[in-house]
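# Analysis of the macromolecular model
Listed below, chain by chain, are the residues.
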Amino acid sequence: FKRTENRANTEFTNRVQRDENNASALLEIPFASFFLETEVEDYDINFSDTVNSAFDYHDFDIFQRVGVDISPQTQFLVEYGYMNIHYWEADDRDGDANQVMIGLRGALTERISYQVWGGAQFRIYDESFRPDYNGFVSRGALRYDISETNFLTLKFSRSPQESTFDNHSFYVRNQGTI
């Protein structure tokens, strides 16, 4: 749970008070050098101001991954994800997305681990007048363990994000974080 008015990672130009609730879980099932993973994420955003309450929405995502250890330090993965986007008041903004990605993750050294993913997302809104997104998505991370308790992580991602402007369904966010 986060009550915020921070503009970071948003399209806002001024502070907009809102509550963001996020819950996620990951289940991994190993089979020798193969494995299955299921990741579920549930995200709710509720704006405090009634002017923006039409943009309150719920995003439910489920990702299924199949992977194989291709070396002692590297895994190859294939991922399929389904996303359901539901607006509480503005039903004409509802939609679904299907995403496919391939990825690598592993360790470069004892202290440096990585993951890199690339693929496509097909985001289709229920109403035909809303533009859909059919394009490239990616994500990655590089983690350096400075000590037993401290680490530094560099992340990047490219993905469509729900827009809070009425004339746009989404915007594509290219993001890098430390």
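Please refer to the structure placed before this passage.
Residues numbered from 1 in each chain as written. Predicted model: local features only at pLDDT ≥ 70, side-chain atom pairs only at ≥ 80, totals over all residues. Heavy atoms only, no water.

## A closer look at the overall build of the chain
We apply this condition: Helical segments are the DSSP runs of H or I of at least four residues, strand segments are the runs of E of at least two, and each set is numbered from the N terminus. For every residue, the accessible area obtained with a 1.4 Å probe (protein chains only) is divided by the maximum for its type, and the residue is called buried under 20%, exposed over 50%, and partly exposed between those limits. A contact between two residues is defined here by any heavy atoms of the two lying within 4.5 Å. Here, Shrake-Rupley sampling with a 1.4 Å probe gives the accessible areas, and only protein chains in the shown set may cover a residue. Note that His is not counted, nor are the chain ends; the positive residues are Lys and Arg, and the negative ones are Asp and Glu. By convention, the charge on Lys lies at NZ, on Arg at CZ, on Asp at CG and on Glu at CD.
Scanning the chain for helices and strands turns up zero helices and ten strands. The order of helices and strands in the chain, counted from the N terminus, is β-β-β-β-β-β-β-β-β-β. C-alpha extents for the chain along the principal axes are approximately 55 × 35 × 25 Å. Taking all 178 residues of the chain together, the buried fraction comes to 38%. Summarising the internal contacts of the chain: among those between residues at least 6 apart in sequence, 44% fall at separations of at least 24. By element, 56% of the accessible surface of the chain is carried by carbon and sulfur atoms, the whole surface being about 10,600 Å². The centroid of the 16 positive side-chain charges in the chain is displaced by 8 Å from the centroid of its 29 negative side-chain charges.

## Digging into the packing of aromatic side chains
Rule in force here: Two rings from Phe, Tyr or Trp (for Trp, the six-membered ring) form a pair when their centres sit within 6.5 Å of each other. Planes less than 30 degrees apart are called stacked, planes more than 60 degrees apart edge-to-face, and all others tilted. The criterion for a charge sitting over a ring is simple: Lys NZ or Arg CZ within 6 Å of the ring centre, and within 35 degrees of the ring normal.
On inspection of all chains with the given rule, the structure shows four aromatic pairs. Site record: aromatic cluster; members linked through ring pairs are Tyr43, Tyr57 and Tyr87. In this arrangement the basic side chain of Arg93 is found over the ring face of Tyr87, its NZ or CZ atom lying 4.9 Å from the centre. The side chain of Arg139 reaches across the aromatic face of Trp117, ending 4.4 Å from its centre.

## Points about the pairing of strand β8 (residues 133-145)
For clarity, the cut-off: Each pair of strands is called paired provided DSSP finds at least two bridges between the two strands.
Inspection of the sheet shows strand β7 (residues 112-125) paired to β8 by twelve bridges, in the antiparallel sense. Paired with Ser113 across the strands is Arg143, a residue of β8. The pairing of β8 with strand β9 (residues 151-162) spans eight bridges and is antiparallel. Considered in β9, the bridge of Ala141 is made with Lys155. The hairpin turn running from β8 into β9, its antiparallel successor, is five residues long.

## So, the environment of Glu162
As a reminder of what qualifies: Two N or O atoms count as a polar contact when they lie within 3.5 Å, although within protein this holds only if one can serve as hydrogen donor and the other as acceptor, and sequence-adjacent residues are included solely when both atoms are side-chain atoms.
The residue Glu162 is located in strand β9 in this model. Distance in space between the C-alpha atoms of Glu162 and Val172 is 8.9 Å, their sequence separation being ten residues. At 2.6 Å, the side chain of Glu162 and the side chain of Tyr87 are in polar contact.

## With respect to the pattern of salt bridges
Note that side chains of opposite charge can pair when their charged atoms are close. To be explicit about the condition: Salt bridge, as applied in this entry: a Lys or Arg side-chain nitrogen positioned within 4 Å of an Asp or Glu carboxyl oxygen.
Under the defined criterion, the tally for this structure stands at nine salt bridges. Residues Glu20 and Arg18 are paired through a salt bridge, measuring 2.8 Å at the closest nitrogen-oxygen approach. Note that Glu79 and Arg65 form a salt bridge whose closest N and O atoms lie 2.7 Å from each other. Of this pair, Glu79 sits in strand β5 (residues 74-87) while Arg65 sits in strand β4 (residues 57-71), placing them 14 residues apart in sequence.

## Focus on the side chain of Ser53
Positionally, Ser53 belongs in the loop between β3 (34-47) and β4. For Ser53, a relative accessible area of 14% corresponds to the buried category. Within the structure, Ser53 has its side chain in polar contact with the side chain of Glu89 (distance 3.5 Å). Residue contacts for Ser53: discarding those within four places in its chain leaves Phe47 and Glu89.

## Looking at the environment of Gly176
Mapped onto the secondary structure, Gly176 falls in strand β10 (residues 170-177). Taking the relative accessible area as the measure of exposure, Gly176 reaches 60% and is therefore exposed. Gly176 sits 18 residues away from Arg158 along the chain, and the two C-alpha atoms are 9.0 Å apart. Aside from chain neighbours lying at most four places away, what touches Gly176 is Lys155 and Phe156.

That is the geometry; function is a separate question.
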